[in-house]
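As a plain string of letters, each chain reads:
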Amino acid sequence: MERKLFTQLAGKNAQTLHNSLAQQGFRRSQNILYRPSCIDCAACLSVRIDVGKFIPSKSQRRILRKNKHLTDHKTHPRVTLEHYRLFSDYIAERHSGGGMSDMDRYEFGAMIEESPVDSLLIEYRDHDDETLIAASMTDVLQDGLSMVYSYFAPNHSNQSPGTYMILNHIDFAQKTGLPYVYLGYWIPGSKKMEYKSNFSNLEIFIGGQWHQMNTTLRNSFRSTQDNTRPADVELTHRM
């Protein structure tokens, strides 16, 4: 049974609250901040990248070269039919039957546009014909960029657009002097989320603190069963 701790984002202090709780592992969905708070499970781990120490891997440098034809456009969160069609294609191909599979244009618009904090919609277009290839709903925090939701054209999957968008956010954060890129939640052992653990200088929020992912901790996660509490793994590692 899933359980979440949440609070509403509203009023003149919304941005301050968002900055504070993001540093404590919370995520935003429209005007709500939430964090998993399940009684017998702590598998969902909030992760972020320390962009000042980040070093791209050989495969990530190859992904950057593959996507040289893309240009990024930073706009205010605003949904068009073009974006909704891209989102629908992405959901149908990658998350068919999931919680968003029956989301209509108005619900999608609310997800993207209803933000009480500093947010951007970053578009990735082919620089030759301006075709929309991918997009990311991104919050601008005091200490970083938070990737709220991303989607891309399924027929471009072989170019790893999801990883490319993260690399582009790292570059954006570095150029603007922001120390972190927040990637949301990561579940050790989840194949769909495995890509998040492939970034160097990844930090994980465990036991009320951010810890840098190291080889010992990574191996500890790999050796545990899906129902093991990651917090227990960290405590065992410390001992």
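Below is a short write-up of the structure. Quantities reported herein were computed from a predicted structural model and do not represent experimental measurements.

### Observations concerning the packing of helix α3 (residues 81-94) against helix α4 (residues 105-113)
Then, number 1: Running from N to C, α3 and α4 point in directions that differ by 100°, and their axes come no closer than 10 Å. Viewed along their axes, α3 and α4 adopt a mutual orientation that is roughly perpendicular. Contact with α3, carried on its side by Leu-81, His-83, Tyr-84 and Phe-87, involves Arg-105, Phe-108 and Met-111 of α4 and no other residues of that element.
Then, number 2: Here the contact of α3 with α4 is built from residues that sort into five nonpolar, one polar and one charged.

### Topic: the pattern of salt bridges
Then, number 1: Per the counting criterion, the structure on display carries eight salt bridges.
Then, number 2: A salt bridge links Arg-125 to Glu-82; its shortest N-O distance comes to 2.9 Å. Within this pair, whereas Arg-125 is found in strand β6 (residues 119-126), its partner Glu-82 is found in helix α3, the two being separated by 43 residues in sequence.
Then, number 3: Residue Glu-82 is classed as partly exposed on the basis of its relative accessible area of 36%.
Then, number 4: One salt-bridge network, in which partners are shared between bridges, spans Arg-48, Asp-143 and Glu-203.

### Overview of unusual backbone geometry
Then, number 1: For Glu-130, which is not glycine, the phi torsion reads 65° and is therefore positive.
Then, number 2: For Glu-130, the position within the fold is in the loop between β6 and β7 (132-141).
Then, number 3: Positive phi, close to 50°, is recorded for Ser-160, a residue that is not glycine.
Then, number 4: Tracing the sequence through the fold places Ser-160 in the loop between β8 (144-152) and α5 (161-176).

### Describing helix α1 (residues 14-22)
Then, number 1: Among all positions in α1, only Ala-14, Gln-15, His-18, Asn-19, Leu-21 and Ala-22 are buried.
Then, number 2: In this structure, the buried side of α1 is in contact with β1 (4-8), β2 (27-29), β3 (32-36), β7, β9 (180-186) and β11 (209-212).

### As for the state of the cysteines
Then, number 1: Using the criterion set out here, one finds zero disulfides in the structure.
Then, number 2: Between Cys-41, a cysteine without a disulfide, and Cys-38, which holds the nearest cysteine sulfur, the sulfur-to-sulfur distance is 5.8 Å.
Then, number 3: Given a relative accessible area of 32%, Cys-41 falls into the partly exposed group.
Then, number 4: In this structure Cys-44 is not part of a disulfide, and its nearest cysteine sulfur, from Cys-41, lies 6.4 Å away.
Then, number 5: Cys-44 sits in the partly exposed class, given a relative accessible area of 35%.

### A short note on the sheet that holds β6
Two pairing modes exist for strands in a sheet, parallel and antiparallel, and in both the strands are linked by backbone hydrogen bonds.
Then, number 1: With mixed pairing, eight strands are arranged side by side in an open sheet as β5-β6-β7-β8-β9-β4-β10-β11. Two strands bound the open sheet, and with one partner strand each, they are β5 (70-75) and β11. When the angles between neighbouring strand axes are averaged without regard to direction, this sheet yields 30°.
Then, number 2: By the bridge criterion, seven bridges tie β6 to β7 in an arrangement that is antiparallel. Looking at β7, one finds that Arg-125 is bridged to Leu-132.
Then, number 3: Along the sheet, α5 contacts β4 (45-50), β5, β6, β7, β8 and β9; its crossing angle with β8, the most-contacted strand, is approximately 155°.

### Considering the nonpolar core
Then, number 1: Counting 49 residues, the largest nonpolar core has Ile-49, Phe-87, Phe-108, Tyr-151, Ile-170, Leu-183 and Ile-204 as the members making the most contacts within it.
Then, number 2: Ranked by residues supplied to this core, first place goes to α5 with seven residues.

### Topic: the sheet that holds β3
Then, number 1: One open sheet accounts for three strands, arranged β1-β3-β2; its pairing is antiparallel. The outermost strands of the open sheet, each flanked by one partner alone, are β1 and β2. Between one strand axis and the next, the sheet turns through 30° on average, direction left out of account.
Then, number 2: By the bridge criterion, three bridges tie β2 to β3 in an arrangement that is antiparallel. Paired with Arg-28 across the strands is Leu-33, a residue of β3.

### Quick look at the side chain of His-169
Then, number 1: Here His-169 is to be found in helix α5.
Then, number 2: Looking at His-169, its side chain comes within polar contact range of the main-chain oxygen of Met-165, at 2.8 Å.
Then, number 3: Apart from residues lying up to four places away in sequence, His-169 is in contact with Ile-122, Tyr-124, Ser-136, Thr-138, Leu-145, Met-147 and Val-181.

Procedures and definitions
Residues numbered from 1 in each chain as written. Predicted model: local features only at pLDDT ≥ 70, side-chain atom pairs only at ≥ 80, totals over all residues. Heavy atoms only, no water. Axes fitted to C-alpha atoms, helices over the stretch in contact; angles between N-to-C directions. Helix = DSSP H or I, 4+ residues; strand = E, 2+ residues; numbered from the N terminus. Parallel < 35°, antiparallel > 145°, perpendicular 65-115°, else oblique. Contact = heavy atoms within 4.5 Å. Nonpolar A, V, L, I, M, F, W, Y, C, P; charged D, E, K, R; others polar. Salt bridge = Lys/Arg side-chain N within 4 Å of Asp/Glu carboxyl O. Buried < 20%, exposed > 50% of the residue type's maximum accessible area, 1.4 Å probe, protein only. Disulfide = S-S within 2.5 Å. Pairing = 2+ DSSP bridges. Core = buried A, V, L, I, M, F, W, Y, C linked by side-chain atoms within 4.5 Å. Polar contact = N/O pair within 3.5 Å; in protein donor to acceptor, adjacent residues only side chain to side chain.

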